[in-house]
Amino acid sequence: MRMCLSITQHLLENDEVLKTIIPEVTLPDMASTGQVFHDLMSCIIEQQIHYRSSKHTFTKLLQKAGLPLLTPDNFSELETKALQGVKLSSRKYETMVRILEFFQQDVPDWQNLTDDEVRKTLGNIKGVGKWTIDMILLYTLERDNIFPVDDYHLKQLMVRLYQLDPKAKLAANMKSIAEHWSPYRSYGVKYLLAFKAYEKEKSRLK
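Quick summary incoming for the structure in this document. Worth saying up front: this structure is predicted, and the values here are computed from it rather than measured.

## Some thoughts on the packing of aromatic side chains
Reasoning step 1: Across all of its chains, the model carries nine aromatic pairs by this definition.
Reasoning step 2: Seen from their ring centres, phenylalanine 102 and phenylalanine 103 are 5.2 Å apart, and the 70° between their planes marks the pair as edge-to-face.
Reasoning step 3: The class of phenylalanine 103 is buried, set by a relative accessible area of 11%.
Reasoning step 4: One aromatic cluster is present, built from ring pairs that chain together Phe37, Phe75, Phe102, Phe103 and Trp110.

## Side note on the environment of tryptophan 131
Reasoning step 1: When you line up the elements, tryptophan 131 lands in helix H8 (residues 130-140).
Reasoning step 2: Counting along the chain gives 18 residues from tryptophan 131 to valine 149, while the straight-line C-alpha distance between them is 7.9 Å.
Reasoning step 3: If we ignore the near neighbours within four places in the chain, the residues touching tryptophan 131 are Cys43, Gln47, Gln48, Ile49, Arg52, Asp150 and Asp151.

## A short note on the nonpolar core
Reasoning step 1: Ranked by size, the top nonpolar core spans 65 residues in total, and within it Leu78, Leu122, Met158 and Trp181 carry the most contacts.
Reasoning step 2: When residues no more than four places from it in sequence are discounted, the contact partners of leucine 78 are Ile45, Leu61, Leu62, Ala65, Leu67, Leu70 and Leu83.

## Concerning unusual backbone geometry
Reasoning step 1: A cis amide bond, omega 5°, links serine 182 with the succeeding residue proline 183.
Reasoning step 2: Unlike most non-glycine residues, histidine 56 shows phi in positive territory, near 55°.

## So, the environment of glycine 123
Reasoning step 1: Tracing the sequence through the fold places glycine 123 in helix H7 (residues 115-123).
Reasoning step 2: Accessibility expressed as a relative area gives 40% for glycine 123, which makes it partly exposed.
Reasoning step 3: With residues up to four places along the chain from it excluded, the contact list for glycine 123 reads Val118, Val128 and Ile133.

## Some words on the packing of helix H3 (residues 36-46) against helix H6 (residues 90-103)
Reasoning step 1: Two elements in contact, H3 and H6, have axes separated by 10 Å at closest approach and are oriented at 175°. By the criterion of interaxial angle, the relationship of H3 to H6 is roughly antiparallel. Across the interface between the two elements, Val36, Phe37, Leu40, Met41, Ile44 and Ile45 from H3 touch Lys92, Thr95, Met96, Ile99, Leu100 and Phe103 from H6.
Reasoning step 2: Grouping the constituent residues of the contact of H3 with H6 by class yields ten nonpolar, one polar and one charged.

## A look at the side chain of aspartate 134
Reasoning step 1: Its place among the elements puts aspartate 134 in helix H8.
Reasoning step 2: Residues contacting aspartate 134, with those up to four places away along its chain left out, are Arg119, Ile146, Phe147, Pro148 and Val149.

## Here we look at H7
Reasoning step 1: By the burial criterion, the buried members of H7 are Val118, Thr121 and Leu122. Take H7 and look down its axis: the buried residues cluster within an arc of 90°, on one side only. Exposed residues lying more than 90 degrees from the buried face of H7 are Asp116 and Lys120.
Reasoning step 2: As for H7, its buried residues are in contact with H3, H6 and H8.

## Describing the side chain of aspartate 15
Reasoning step 1: By the element assignment, aspartate 15 lies in the loop between helix H1 (5-14) and helix H2 (16-21).
Reasoning step 2: Although aspartate 15 lies buried, it forms no salt bridge, and the closest oppositely charged side chain, lysine 19, sits 10 Å away as judged by the N-O distance.
Reasoning step 3: From its side chain, aspartate 15 meets the backbone nitrogen of leucine 18 in a polar contact 2.8 Å long.
Reasoning step 4: With residues near it in sequence (within four places) discarded, aspartate 15 still touches Tyr162, Ile177 and Trp181.

## Re H1
Reasoning step 1: Residues Ile7, Thr8, His10 and Leu11 constitute the buried set of H1. Axial view of H1: buried residues confined to an arc of 155°, hence all on one face. Opposite the packed face of H1, turned more than 90 degrees from it, sit the exposed residues Leu5 and Glu13.
Reasoning step 2: Buried residues belonging to H1 abut H2 and helix H11 (185-205).

Rules and cut-offs
Residues numbered from 1 in each chain as written. Predicted model: local features only at pLDDT ≥ 70, side-chain atom pairs only at ≥ 80, totals over all residues. Heavy atoms only, no water. Phe/Tyr/Trp six-rings, centres within 6.5 Å; stacked < 30°, edge-to-face > 60°. Buried < 20%, exposed > 50% of the residue type's maximum accessible area, 1.4 Å probe, protein only. Helix = DSSP H or I, 4+ residues; strand = E, 2+ residues; numbered from the N terminus. Contact = heavy atoms within 4.5 Å. Core = buried A, V, L, I, M, F, W, Y, C linked by side-chain atoms within 4.5 Å. Axes fitted to C-alpha atoms, helices over the stretch in contact; angles between N-to-C directions. Parallel < 35°, antiparallel > 145°, perpendicular 65-115°, else oblique. Nonpolar A, V, L, I, M, F, W, Y, C, P; charged D, E, K, R; others polar. Arc of directions from axis to C-beta. Lys, Arg positive; Asp, Glu negative; His and termini not counted. Salt bridge = Lys/Arg side-chain N within 4 Å of Asp/Glu carboxyl O. Polar contact = N/O pair within 3.5 Å; in protein donor to acceptor, adjacent residues only side chain to side chain.

This is the structure:
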């Protein structure tokens, strides 16, 4: 996902909150793996995609197994060398097995699929929900116009920064705000999340 001046200008001109936030923060430099299987497993194991994780659980498991990248071919090594003793719910494990089985078959060329086609394809894997698919579209495939309305941290931020009522049509109101960012909603999301990290670091340094 590449940032350019025109995208920044679009967000500045169409959202008063982002207009105050954008000058304060720098988007983190996240080099996507481009690997859907790897990142899906991160979401399931860690309940967070590793690009955003502060616990680095998934990264530590890979290091323990001696794997730079998780693939269907080396997944058994992660199981035997790193997952032994790790408490995973039966539901999580079953989802991981379904993902593995899916990727052992003919896998589509993700880059040639539209956002909706990615959603439909991954949504057919039982246990892979909307939030997880949004994370894949946002961070792995680096699509420009993704808005993960179910993201917990995004909800918290938008309730506070846009003075939304968390008990009254929150999802609809969030989507309505994000429409002003289109076709670059992904960047609006990333600026908000970067601002959250900025605030946390600023508080820590006080």
